[in-house]
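Reading the structure
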Amino acid sequence: MLLEEWLPHRKQFLDELLRLEGLKKGMTRSSCGECKVGAIYRCKDCFGGEVTCKECILQDHESHPLHSLEKWTGSFFEPTTLTSLGHVVQLGHKLSTSCSNPSKPIDQTVFDLNGVHRIVVRFCHCSSSSASHQIQLLQARWFPATVFRPSTSFSFNLLDFFHKLQDQNKCNSYDFYHTIMQRSNNAKLEPEIFRYNEICLVFRLWSHLKLLKRGGAGHCCGGVDSMSDGSLAVLCPACPQPGKNIVLDSKHPIHFNTTFLGIDGCFKTKLKDRGITDPDLGTGLAYMVNSADYAAHLKDPAGTVSEETGTSCGSDLRAVDQAYTRNPKGYSVTGVVAVSCRHSFVRPTGVADLQKGERYLNVDYAFASTVSHELEMGVPHLVVTYDIACQWGRHLRERLARYKATKDVNLDSLQSFRVAVPKFHLIGHGNSCHLDYNLAFMRGVGMTHGEGVETIWSHSTSLATWSRENGPQARQALLDTHWSGWNWKKLINLRRLLKKSLERAWKLCKVQNGIAAAVTAALDPALIHSWTEMMNAYYLDSSNPNPFKEVAPSVTLNDLKAELGRVDATVKKSGTPHAHETTPSQFIMRALEIEEQQSTHPGLRRRLRSKRLDPNDNTTICDQRRLLSQAIKSLTSPQRVYMPGASARLDEIDPTTITDAPETVKLWLPSQLPAASRDTSCIGNLPRLELRFRLAQAYDALDLIRHLRGVYQVLLVKNQAHVSTSQGTMTRTKALFRNFALKIDQAAARYRDARTALLRLDPEGKFSPWKNDLKDLCREDIRGPSRETTDTSESRRELSWIWHTGSLQPDTGINDPQLQGVMRVEWCKAVARAERFQEEVELLVEEMRRTLCFFDWNAGNWEKLGEARVGEPTIDEEITVGMRAYAARQAALYRKLVHVFIADWYECLELKSLGSHWLAKYPRPEAARNRRRRLKSNVKMYHSSVFPSSAGTEDIPETEDALTDDPPSDSDPDPVDFEDDVDVALDDLDAPLWT
């Protein structure tokens, strides 16, 4: 309903709300159905809200003691209670039975979603029932606030609602408690009761019990004490877990047997040092590391060894240094470090508190604690991403062996262990990290980006404002509860995530394979064979030469100046004098320097005007003009010697212009002369000499643009990550960015000037193949190297040509080693992109299979747990029935998840002919069968209409193209209807696991 549609009915809606405040038409105080007595009571929670008498309202609410009543006073309805009407709740018996030995009436305060209720209860003291008072309350689905003489309890409905609300909305207990209080006593007319401490305690106990219940702790013979660390965590079904969803086989591709982990720290989830000591209900059973073991590890003398600070790649990132400088004053915990998997599931025992920044002592323990599960299962390959992996991973093995708590974590038992920098964080690292720690250049990682761990902070940081006030163990229990809900949502979302990722990777895989094939076809097969061997050798051993390492520019101004200087010295030594004391190379170099000064001179004046200087204060400009004028005058003498044909044009220059505005004087270099008279106007090989200098100038300018853009983006990322509200800081930051933009513009102008001269001197590229390398530089080309805000995704974006252009020496051919180096890097990158997308497609199909296998294993595991405690002499029969029922419900849940997931994936996999070796074990969903039948019918109809004289259509093959290219008919059911049915099914399935 749109707001505009509702507005005309506003008065009608308001009238109906007012109607409900009074008696209905025909209803009087003297009519109560068959009773024919005073009808003055109604229930706000019962459907219809009929007004009845006292006896009827009590009879109707024998099973609803927590409903809210109202009493008609003759002019309005006022709140009343069942207790005021004499209602007493008998516990320990069914409603239809009476108690032979009830206790005295006891006042009980019960909190429910509709408010606070003061009721009267009787406990059962029959000989047939030995249940204590708290057990009788629990059997009534009321949670007692204490185990001794409980007088306050909380309904399961209330606790479960707050559990869901806290997981989704991060609502704190204080606000929720006062919301419930306002529902009963909003006007403060009744005496207030204070049960905030009790409700906080019960919320914590409820969350802990739910965690134990879902993790199967109640079904274990040894109980909670027998549970191992991390056993209550919701596991990622798509990650490899030997014995559950994968059988290790050395014949499988490496990415099939690889676990991907990501590490990151967050300094939002702090804890105030309030001196609170609260009991530990069992940390280490889910996501937080074991508190006692972790505390002992922090006191390990090996952890006091000075750690390395700063990165080794020459970048500006200082994650560790900044972490050490964070002020821990007033806080016992300054944040947490977490380990997650490729699908953003928080890992079991993968979260540890930080006491003073992101120290290796903390990070190593969290990593070792969670990776020990992988080592126990025998996972052979491990890839870990961390924003400072280039530093953290260097001496990791030595540190783990040095700590007492982690010395048993032997990474050498893995077949391969690799560390990398996440793709977004890689921008701020140096060139060495872009080569050695780049996921794009690692075989067997697919399109893993490594940034998934960052997503968990977007939800957990909303707890920071009030979790910092808790006790240490209460805070950790809260985080465990939060991450259980986070992992469960991720598990349900795998259905859409894996399918969407597969469809995107499938399309881009075809694109990248086509690009790689086109590049390969254009090159010499011998070169391709050599480069392929180089790539394979690097993948096997990273100490071999890196095929992705870009070659250094082959020609720069400094190199050319040094070379020509040696040539001039040789000529001078041979006794052959130049026509002028200034050599031709010196003349060209000096002319280009003057040209550059002319182009930067107007920029100085603009900067002076922006600073609002006194108009009379032109000292700097005058000094620059004087020096520039002198340089131009000194250039005239050798120019008349080496360029006699330009003398007439030099004579036309006004001397006053050289003095007053030298930045506007045209120098008349060989490139500025008409092509027809250029060779006759110059002596010797002066135009070719300028051509060489212009090439070097263009390459230098392009290299400077790349360097400035790289630094600019690093500064931009740092500025976005550390936003300052100080006006002075913001002003300095803006000035810094303006300065960089000005330098980039000047370098671009220098490049364009050099290219313009090259077009005049060698328009066809006869003397040097520069046109393939030095392209027209547009403003939109000056972008990168990383993704811009206007770009598409990282895997789809097209890198500007300035980042993959080569550097060619004059007169080089295809056999030039420098050119081959440039081509090698580009070919290797194209092939690597195609390989990564191919691996991603294979990996996603494998993750789909793992997910379904994990659900099947989990269902079977719950069926076994249902019988785990059968036969125990101390267990009650009703408890055994309850355990069996809960285990059966959980098993049915995972069976239904398999059905829902495969129904959504089947058609996508079948049409792409993916996963056929395992897809056949699952029955084809009805929707997929019907759609395939319709598609086959449409193909036959199309075939008979196009080829009417052909044979019968019964032999038409069911090809992939026929299925994928045929559009759905008008009679096809809307695919959204099927999606909605699946969503409804999942909504129904979500509740059992969390009840």
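Residues numbered from 1 in each chain as written. Predicted model: local features only at pLDDT ≥ 70, side-chain atom pairs only at ≥ 80, totals over all residues. Heavy atoms only, no water.

The chain has the name CxC2-like cysteine cluster KDZ transposase-associated domain-containing protein in an unreviewed UniProt entry, where Thelephora terrestris is given as its organism.

Okay, the overall build of the chain next. Secondary structure assignment for the chain yields 32 helices and 15 strands. Here the chain holds 995 residues, and 47% of them are scored as buried. When contacts within the chain are restricted to residue pairs at least 6 apart in sequence, long-range pairs at least 24 apart make up 72% of them. (Helix = DSSP H or I, 4+ residues; strand = E, 2+ residues; numbered from the N terminus. Buried < 20%, exposed > 50% of the residue type's maximum accessible area, 1.4 Å probe, protein only. Contact = heavy atoms within 4.5 Å.)

Quick look at the packing of aromatic side chains now. Considering all chains together, one arrives at 28 aromatic pairs under this definition. A ring pair is formed by Phe-162 and Phe-203, whose centres lie 4.0 Å apart and whose planes are at 20 degrees; its orientation type is stacked. Here Phe-203 lies in helix α7 (residues 196-214) and Phe-162 lies in helix α5 (residues 156-169), a separation of 41 residues in the sequence. The exposure class of Phe-162 is buried, given its relative accessible area of 3%. Among the residues examined, Phe-203 registers a relative accessible area of 6% and is labelled buried. One aromatic cluster is present, built from ring pairs that chain together Phe-111, Phe-154, Tyr-174, Tyr-177, Phe-194 and Tyr-196. (Phe/Tyr/Trp six-rings, centres within 6.5 Å; stacked < 30°, edge-to-face > 60°.)

On to the sheet that holds strand β7 (residues 142-144). Read across the sheet, five strands follow the order β4-β6-β5-β8-β7 without closing on themselves; strand pairing throughout is mixed. The open sheet has two edge strands, β4 (89-90) and β7, and neither has a second partner. One ladder, built from three bridges, connects strand β5 (residues 106-112) with strand β8 (residues 152-155); its direction is parallel. Residue Thr-109 lies in a different strand from β8, and its bridge partner there is Thr-152. (Pairing = 2+ DSSP bridges.)

A few words on helix α6 (residues 173-185). The terminal C-alpha atoms of α6, which comprises 13 residues, lie 18 Å apart, in line with the 18 Å expected from a rise of 1.5 Å per residue. Within the sequence span of α6, burial applies to Ser-173, Phe-176, Tyr-177, Ile-180, Met-181 and Asn-185. Along α6, the residues classed as buried sweep out an arc of 150 degrees about the axis, all on the same side. Where α6 is buried, its residues touch β5, β6 (115-122), α5 and α7. For α6, the capping residue at the N-terminal end is Asn-172, with a side-chain oxygen 3.2 Å from the backbone nitrogen of Tyr-174. (Expected span 1.5 Å × (residues − 1). Arc of directions from axis to C-beta. Polar contact = N/O pair within 3.5 Å; in protein donor to acceptor, adjacent residues only side chain to side chain.)

The next subject is the pairing of strand β14 (residues 381-386). Across the six residues of β14, six count as buried, placing the element largely inside the fold. Both strand β9 (residues 258-266) and β14 contribute to a ladder of six bridges, which runs parallel. Counterpart to Leu-261 in the pairing with β14 is Val-384. Here β14 pairs with strand β15 (residues 416-420) via five bridges, running parallel.

Before going further, it helps to examine a nonpolar patch on the surface. Residues Leu-14, Leu-17, Leu-18 and Leu-20 make up a contiguous nonpolar surface patch of about 430 Å² in total accessible area. Inspection of the secondary structure puts Leu-17 in helix α2 (residues 10-19). (Patch = residues over 30% accessible without salt bridge, like charges linked within 9 Å, V, L, I, M, F, W, Y side chains within 5 Å. Areas by Shrake-Rupley, 256 points an atom, 1.4 Å probe, with all protein chains shown as cover. Salt bridge = Lys/Arg side-chain N within 4 Å of Asp/Glu carboxyl O.)

Another aspect to go through is the nonpolar core. The tendency in soluble globular proteins is for nonpolar side chains to be buried side by side. Formed by 41 residues in total, the largest nonpolar core has its most connected members in Leu-502, Leu-852, Phe-855, Leu-897, Leu-909 and Trp-918. Mapped by element, the contributors of at least two residues to this core are α17 (472-521), α27 (817-865), α28 (877-911) and α29 (916-919). The element best represented in this core is α28, accounting for 13 residues. Apart from residues no more than four positions distant in its own chain, Leu-852 is found in contact with Val-898, Phe-901, Ile-902, Trp-905, Trp-918 and Tyr-922. Ile-263, Tyr-360, Trp-392 and Leu-426 belong to the second-largest nonpolar core, a separate cluster that totals 37 residues. (Core = buried A, V, L, I, M, F, W, Y, C linked by side-chain atoms within 4.5 Å.)

Before going further, it helps to examine the pairing of β8. Of the two faces of β8, both are covered, the one formed by Thr-152 and Phe-154 as well as the one formed by Ser-153 and Ser-155. As paired elements, β7 and β8 share three bridges and run antiparallel to each other. The residue bridging Trp-142 from the neighbouring strand is Ser-155, located in β8.

Take the pattern of salt bridges next. For the structure on display, the rule yields 31 salt bridges. The salt bridge partner of Arg-347 is Glu-374, with a shortest N-O separation of 2.1 Å. Taken together, the residues Arg-347 in strand β13 (residues 346-354) and Glu-374 in helix α10 (residues 360-377) connect sequence positions 27 residues apart. For Arg-475, the salt bridge goes to Asp-353, with nearest N and O atoms at 3.0 Å. Here Arg-475, found in helix α17, pairs with Asp-353, found in strand β13; they are 122 residues apart in sequence, far enough to count as distant. With a relative accessible area of 0%, Arg-475 lands in the buried category. Ionic contacts of the salt-bridge type, sharing partners, join the residues Arg-443, Glu-835, Arg-836 and Glu-839 into one network.

This part takes up the sheet that holds β9. The strand order β13-β12-β9-β14-β15 describes an open sheet built from five strands, whose pairing is mixed. Looking at strand neighbours, the two that pair on one side only are β13 and β15, the edges of this open sheet. Averaged over all adjacent pairs, the angle separating strand axes in this sheet is 20 degrees, with direction ignored. As judged from the five bridges shared by strand β12 (residues 335-341) and β13, these two strands associate in the antiparallel manner. The residue of β13 that forms the bridge with Ala-338 is Val-351. With respect to the sheet, α17 is in contact with β12 and β13, its orientation differing from that of β13 by roughly 145 degrees. (Axes fitted to C-alpha atoms, helices over the stretch in contact; angles between N-to-C directions.)

So, on to the confidence of the model for the chain. A low pLDDT score tells you not to read the predicted coordinates there in detail. In this model, the chain carries a mean pLDDT of 80, and residues with pLDDT of at least 70 account for 77%. In the model, residues 807-814 has pLDDT below 50 throughout and makes 27 contacts with residues more than four positions away in sequence or in other chains. (pLDDT = per-residue confidence, 0-100.)

What follows is about α17. For α17, which comprises 50 residues, the first-to-last C-alpha distance of 63 Å sits more than 12% below the rise-based estimate of 74 Å (1.5 Å per residue). Along α17, the sharpest change in direction is near 50 degrees and occurs at Asn-493. (Bend = angle between axes of the 7 residues up to and from the residue.)

Before going further, it helps to spend a moment on the state of the cysteines. Simply put, the disulfide is a covalent bond whose two ends are the sulfur atoms of two cysteines. The full count for this structure, using the stated rule, is zero disulfides. Between Cys-239, a cysteine without a disulfide, and Cys-236, which holds the nearest cysteine sulfur, the sulfur-to-sulfur distance is 3.6 Å. (Disulfide = S-S within 2.5 Å.)

A word on unusual backbone geometry. Notably, Arg-149 is not glycine yet its phi reads approximately 45 degrees, a positive angle. Its location among the elements puts Arg-149 in the loop between β7 and β8. Its relative accessible area of 79% is what places Arg-149 among the exposed residues. One non-glycine residue, Ser-344, lies in positive phi territory at about 70 degrees. Positionally, Ser-344 belongs in the loop between β12 and β13. Its relative accessible area of 8% is what places Ser-344 among the buried residues.

Here the focus is the packing of α6 against α7. Between α6 and α7, the shortest axis-to-axis distance is 10 Å and the interhelical angle comes to 120 degrees. Accordingly, the angle class assigned to the pair α6 and α7 is oblique. The way α6 lies across α7 gives a crossing that is right-handed. Contact with α6, carried on its side by Ser-173, Tyr-174, Phe-176 and Tyr-177, involves Tyr-196, Ile-199, Cys-200 and Phe-203 of α7 and no other residues of that element. (Parallel < 35°, antiparallel > 145°, perpendicular 65-115°, else oblique. Left-handed = near helix turned anticlockwise from the far one by under 90°.)

Right, let's get into the side chain of Lys-170. Structurally, Lys-170 is set in the loop between α5 and α6. Separated by 2.4 Å, the side chain of Lys-170 and the backbone oxygen of Asp-167 make a polar contact. The residues contacting Lys-170, other than those within four sequence positions of it, are Leu-165, His-459, Ser-462, Leu-463, Trp-466 and His-482.

For the rest of this paragraph, the subject is the packing of α5 against α7. Following both chains from N to C, one finds α5 and α7 inclined at 80 degrees, their axes separated by 10 Å at the closest point. Between α5 and α7, the interaxial angle falls into the category roughly perpendicular. Contact residues: Phe-156, Leu-159, Asp-160, Phe-162 and His-163 in α5; Val-202, Phe-203, Trp-206, Ser-207, Lys-210 and Arg-214 in α7.

To continue, consider the environment of Ile-594. For Ile-594, the position within the fold is in helix α20 (residues 584-610). Separated by 68 residues in sequence, Ile-594 and Pro-662 place their C-alpha atoms 9.8 Å apart. Ile-594 has contacts with Leu-628, Ala-631, Ile-632, Leu-635 and Leu-667, leaving out every residue within four places of it along the chain.

In this structure, Thr-656 sits in helix α23 (residues 655-660). Within the local environment of Thr-656, its side chain forms a polar contact with the side chain of Asp-654, the two groups lying 2.7 Å apart.

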